[in-house]
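Here is what each chain is made of, one letter per residue.
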Amino acid sequence: MTSPTYNAPRRYFVDGGGRRVLIGLTPEETFEFERLDSEQAQVAPDSGERRRLELYEKHEGAWRAWMAQSRTERREGFNLY
């Protein structure tokens with residue numbers, strides 16, 4: 001989305017090698033997750049569903065921890081005086 005009002009937090013970061021990686025996953029796991037999540041994988045949804053969910057849960061746990069840390073850092077860095 002390129003809309004200036006689109007404020008959803010990023011779930012990816014760029015690693016030291018310049019690769020776009022989902023928070024909490026390795027570059028290889030990100031590639032695997034995206035492959036399993038693609039439309040091609042939807043043709044045979046049961047083929048990789050367990051692994052896709054496993055990777056998603058790993059990412060989601062790291063994402064929640066990252067968001068909580070980000071909120072804490074923003075509050076601590078916000079001073080009115």
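For every chain, the first residue of the written sequence is number 1, and numbering continues from 1 onward in sequence order. Reporting in this predicted model follows two pLDDT cut-offs: at least 70 for local features of residues, and 80 or more for side-chain atom pairs to be given and counted; totals over whole chains, interfaces and linings ignore these cut-offs and use all residues. For side-chain calculations, the full set of non-hydrogen atoms in the structure is used, while hydrogens and water are omitted.

Bringing the overall build of the protein chain into the picture now. Per the secondary structure count, the protein chain includes three helices and two strands. Counting from the amino terminus, helix and strand elements in the protein chain follow one another as β-β-α-α-α. Any pair of residues with heavy atoms lying within 4.5 Å of one another is described as a contacting pair. Long-range pairs, those at least 24 residues apart, make up 33% of the contacts in the protein chain with a sequence separation of at least 6. Only runs of H or I of at least four residues qualify as helices and only runs of E of at least two qualify as strands under DSSP, and these elements are numbered from the N terminus.

Next up on the list: helix H1 (residues 27-37). Note on helix geometry: an α-helix contains 3.6 residues per turn, so any two residues three or four positions apart are oriented the same way. Only protein chains enter the accessibility calculation, which uses a 1.4 Å probe. A residue is then buried if its area is under 20% of the maximum for its type, exposed if over 50%, and partly exposed in between. What H1 keeps buried is the set Glu29, Thr30, Phe33 and Leu36. Summarising the axial view, the buried residues of H1 lie within an arc of 135 degrees, below the 170-degree limit, and thus occupy one face. Away from the buried face of H1 by more than 90 degrees, exposed residues Glu28 and Phe31 are located. In this description, the arc belongs to the directions extending from the helix axis to the C-beta atoms.

We count a salt bridge whenever a side-chain nitrogen from Lys or Arg sits within 4 Å of a carboxyl oxygen from Asp or Glu. Following the criterion strictly, the structure yields nine salt bridges and no others. The partner of Glu34 in a salt bridge is Arg20, and the shortest N-O contact between them spans 3.1 Å. With Glu34 in helix H1 and Arg20 in strand S2 (residues 20-22), this residue pair connects regions lying 14 residues apart in the sequence. Here Lys58 makes a salt bridge to Glu29, at a shortest N to O gap of 2.9 Å. You can see Lys58 sitting in helix H3 (residues 49-76) and its partner Glu29 sitting in helix H1, a full 29 residues away along the chain. Assessed through its relative accessible area of 39%, Lys58 is described here as partly exposed. Salt bridges here are not isolated pairs; linked through shared partners, they connect Arg11, Glu60 and Arg64.

Below, the discussion takes up the nonpolar core. Joining through side-chain atoms within 4.5 Å is the link that ties buried Ala, Val, Leu, Ile, Met, Phe, Trp, Tyr and Cys residues into a set, and such a set is a nonpolar core. Counting residues in hydrophobic clusters, the biggest one holds five residues: Leu22, Leu25, Phe33, Leu36 and Leu55. Beyond its immediate stretch of four places on either side in the chain, Phe33 contacts Leu22, Leu25, Arg52, Leu55 and Tyr56.

With respect to the secondary-structure elements, Arg19 resides in the loop between strand S1 (12-14) and S2. Judged by relative accessible area, Arg19 falls into the partly exposed class, the value being 42%. Contacts of Arg19, omitting those with residues within four sequence positions, involve Phe13, Val14, Pro27 and Glu28.

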